[in-house]
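# Observations on the model geometry
Letter by letter, the chains look like this.
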Amino acid sequence: MPTPSMHFASYQANHKEIAKDAIIYSYQRHINGFSANLEEEMAAEIAKHPKVASVFLNQGRQLHTTHSWEFMLMEKEIGGVIHPSSLWEKANFGEDIIIGNLDTGVWPKSKSFSGTGYGPIPTKWKGICQNDTVPCNRKLIGARYFNQGYINFTGPLNSALNNALDHEGHGSHTLSTAGGNFVPGASVLGVGNGTAKGGSPKARVAAYKVCWKPINGSECFDNDIMAAFDMAIHDGVDVLSMSLGGNPTDYFNDGMSIGAFHAVKNGIVVISSAGNSGPKSGTVTNVAPWMITVGASTLDREFESFVKLQNGKQFKGASMSKPLPAGDKFYPLISAAHAKAANASAKDAMLCKPGTLDPKKAKGKILACLRGETARVDKGEQAALAGAVGMILCNDKLDGNEIIADPHVLPATQINYKDGVAVFAYINSTNDPLGYITAPTAKINKRPAPFMASFSSVGPSQVTPEILKPDVTAPGVNIIAAYTGEASPTEENFDKRRIPFITMSGTSMSCPHVSGVVGLLKKLHPDWSPSAIKSALMTTARRRDNTESPILDGSFNKATPFSYGAGHIRPNRAMDPGLVYDLTVNDYLDFLCASGYNQTLLELFTESPYKCPKSASLLDFNYPSITVTNLSRSVTVSRKLKNVGSPGTYVARVREPIGISVHVEPKILKFDSIGEEKSFKLTVTKKTAGMGTEDYVFGGIVWSDGNHYVRSPIVVGMPLGH
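Looking at an unreviewed UniProt entry, one finds the protein chain named Subtilisin-like protease, with Lithocarpus litseifolius as its source organism. The record held by UniProt for the protein chain lists under Function (unreviewed entry) the comment "Required for arbuscular mycorrhiza (AM) development during AM symbiosis with AM fungi (e.g. Glomeromycota intraradices)." What UniProt states about the protein chain under its Subcellular location (unreviewed entry) heading is, verbatim, "Secreted, Extracellular space, Apoplast".

In structure tokens:
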């Protein structure tokens with residue numbers, strides 16, 4: 001059976017003796033519990049013990065630049081000039097903040113992790129590099145690996161892999177995005193040249209390898225993740241970034257949620273990816289309110305590679321692949337379905353699946369393949385193996401306008417759904433279709449940007465709909481960052497190339513952008529709590545793109561807070577938010593109490609005395625966003641704001657959701673000193689007329705003193721059949 005993980009305060013010695021041989025991990029530093037191989041009967045018996053907080057099955061999880069920081073106005077686009085008022089300058093580039101990363105490990109040879117020029121390691125640091133395979137320096141100050149849960153599931157691991165070395169490239173990419181050093185002249189195959197750096201480029205970094213070669217869709221296991229959390233808290237990290245996740249589940253059955261709670265309890269800010277299961281609603285993961293959950297959106301940079309047709313039409317695509325031979329020679333262009341092998345279906349051939357293409361039909365031609373079901377780069381490999389000279393990867397309707405710049409093994413480009421339809425129409429309209437693919441070039445100031453990536457997971461939360469998730473969005477499409485020397489850019493055996501930097505896309509990439517900014521905020525405001533930092537990011541976020549229009553989704557329809565949360569982060573604004581919605585560990589326990597967890601369980605969970613308040617309500621949980629579900633008539637929510645800036649008088653301004661009236665009391669809050677707190681109530685009432693037909697409607701409230709704008713989204717859900 002899968003390995004149960006136990007989260008408990010204490011347990012009788014004789015039962016521990018029975019389980020001793022089955023123990024995989026014993027969490028004894030900050031998370032009180034163990035992971036073991038147990039029969040269902042024993043697990044059930046342990047679960048009944050009054051001092052056991054939770055028993056849950058070990059779950060498998062999945063892994064979810066040179067321009068990002070310019071796009072977020074931390075430096076100027078021309079020349080990379082950093083303004084003295086930039087958060088980078090104010091926070092001294094995150095100097096000596098320690099950022100930990102739960103991922104696939106690290107490639108220590110990357111220049112992003114060079115220790116040259118760094119001073120002594122902070123004295124509070126207790127971490128190590130576990131073996132000589134990943135040596136420490138003054139930049140990369142920790143590298144540990146956790147694989148007992150993985151081994152328990154898969155069997156013995158090759159001893160050569162028993163280390164924190166990054167064999168996949170994902171961990172190096174995410175860690176360098178959060179805290180990578182300055183590396184001039186970084187590019188991907190000569191495209192996108194610039195200076196690579198993380199959000200906190202002077203931070204120290206530590207890798208906690210918890211993810212390994214995928215087995216049956218799982219590569220990171222809860223018991224390994226919890227062990228990494230326990231050790232990272234002990235080591236002394238300030239920020240923990242984790243670009244991984246699974247299906248959303250009950251907080252006490254989720255190792256990531258439990259680990260993150262104990263980290264936040266120790267003052268560590270935990271940032272997580274929202275997941276890559278969009279655009280379907282209700283797919284967002286990592287939804288615990290003590291985490292910062294990050295969606296993914298685009299930059300204003302594109303790696304353009306055009307499809308040219310002989311009829312004079314051309315369509316803009318995205319690519320990082322090598323160009324076709326010079327000379328603008330047109331090549332025969334066919335649908336991949338027309339190159340299908342005798343034993344393959346036209347549908348599978350159109351998707352360029354392995355073994356579906358006939359080399360006699362594909363050789364010397366450009367193939368038009370349809371996106372979906374298999375990896376984008378694998379489609380290019382299949383086209384190359386069949387002898388094609390190039391590939392046009394056409395989006396399906398679901399992926400809309402989201403195009404990814406991949407380093408394909410042959411000349412290729414990816415185009416959006418509308419343009420793909422036009423290419424297939426051209427192919428079917430002539431007896432001799434011809435086409436050409438131009439070499440990729442990097443272009444900036446593209447519009448609209450940002451827009452939400454189609455893959456970015458979407459709310460509402462399936463665990464607690466009353467908490468809006470994701471919290472924010474950040475750049476997560478075509479992000480350039482460090483890579484490993486252990487894998488090719490396509491991760492395919494067919495591909496023998498090795499490159500120091502690569503583009504990747506996913507909420508895995510947006511998450512460490514926020515982690516890097518959190519490092520800066522921790523440096524600038526060491527007295528701020530994790531929730532204050534989250535509030536600063538959320539209340540200063542932006543809901544509009546660079547055309548001053550509302551942020552769009554991947555199909556260019558208006559996006560909602562279920563996609564972007566409070567909006568796109570604005571680091572320079574977040575360092576001076578004016579007011580914050582603060583939360584303590586006890587507030588999180590009150591939240592759990594209001595969610596139906598009993599007091600005894602919560603005392604075990606936090607390992608300290610705790611009493612559930614008599615009137616705990618999710619409506620009064622001091623979250624920076626405001627969500628009301630199943631509104632039938634009228635409800636009142638309460639919030640408390642803390643002044644973290646200069647004295648000032650703040651006036652409320654409300655943008656009412658369609659069909660909803662919102663009343664704020666009081667409408668004016670006057671703050672005389674730093675740390676002063678003031679409360680307000682917000683009454684949300686359903687109007688008798690003018691209601692829309694949507695299940696959810698959206699608005700917002702802004703508190704402003706003329707210099708600061710403290711924004712919170714308002715989300716109102718209607719009962720079924722309203």
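That was the structure; now back to the text.
## Observations concerning the packing of aromatic side chains
Taken as a whole and assessed by the stated rule, the structure comprises 22 aromatic pairs. Geometrically, the ring pair formed by Trp 290 and Tyr 588 is edge-to-face, given 5.8 Å between the ring centres and 85 degrees between the ring planes. Highlighted residues: Trp 290 in the loop between strand 15 (269–273) and strand 16 (292–297) and Tyr 588 in helix 17 (residues 585–594), separated in sequence by 298 residues. Both residues of the pair, Trp 290 and Tyr 588, belong to the buried class.

## Description of the sheet that holds strand 7 (residues 140–145)
Each strand in a sheet pairs with another by means of backbone hydrogen bonds, the pair being arranged parallel or else antiparallel. Strand order in the open sheet made by the 7 strands is 7-10-6-13-15-16-25, with parallel pairing throughout. If you trace the sheet from one side to the other, it starts and ends with strand 7 and strand 25 (472–475), each paired once. Between one strand axis and the next, the sheet turns through 25 degrees on average, direction left out of account. With 4 bridges connecting them, strand 16 and strand 25 associate as parallel partners. Each residue of the ladder has a partner; that of Gly 295, found in strand 25, is Thr 473. Sitting on the sheet, helix 6 (residues 170–179) touches strand 6 (98–103) and strand 10 (204–209), and the angle it makes with strand 6 is about 155 degrees.

## Here's the deal with the sheet that holds strand 33 (residues 668–671)
Spatially, 5 strands are ordered 29-36-35-31-33 in an open sheet, and the strand pairing comes out mixed. In this open sheet, the two edge strands, each paired with only one partner strand, are strand 29 (626–628) and strand 33. Between one strand axis and the next, the sheet turns by 20 degrees as a mean value, whatever way the strands run. Looking at chain direction, strand 35 (residues 696–704) and strand 36 (residues 709–717) are connected through 9 bridges and run antiparallel.

The rules behind the values
Residues numbered from 1 in each chain as written. Predicted model: local features only at pLDDT ≥ 70, side-chain atom pairs only at ≥ 80, totals over all residues. Heavy atoms only, no water. UniProt positions renumbered as here; feature names shortened; annotations may be inferred. Phe/Tyr/Trp six-rings, centres within 6.5 Å; stacked < 30°, edge-to-face > 60°. Helix = DSSP H or I, 4+ residues; strand = E, 2+ residues; numbered from the N terminus. Buried < 20%, exposed > 50% of the residue type's maximum accessible area, 1.4 Å probe, protein only. Pairing = 2+ DSSP bridges. Axes fitted to C-alpha atoms, helices over the stretch in contact; angles between N-to-C directions. Contact = heavy atoms within 4.5 Å.

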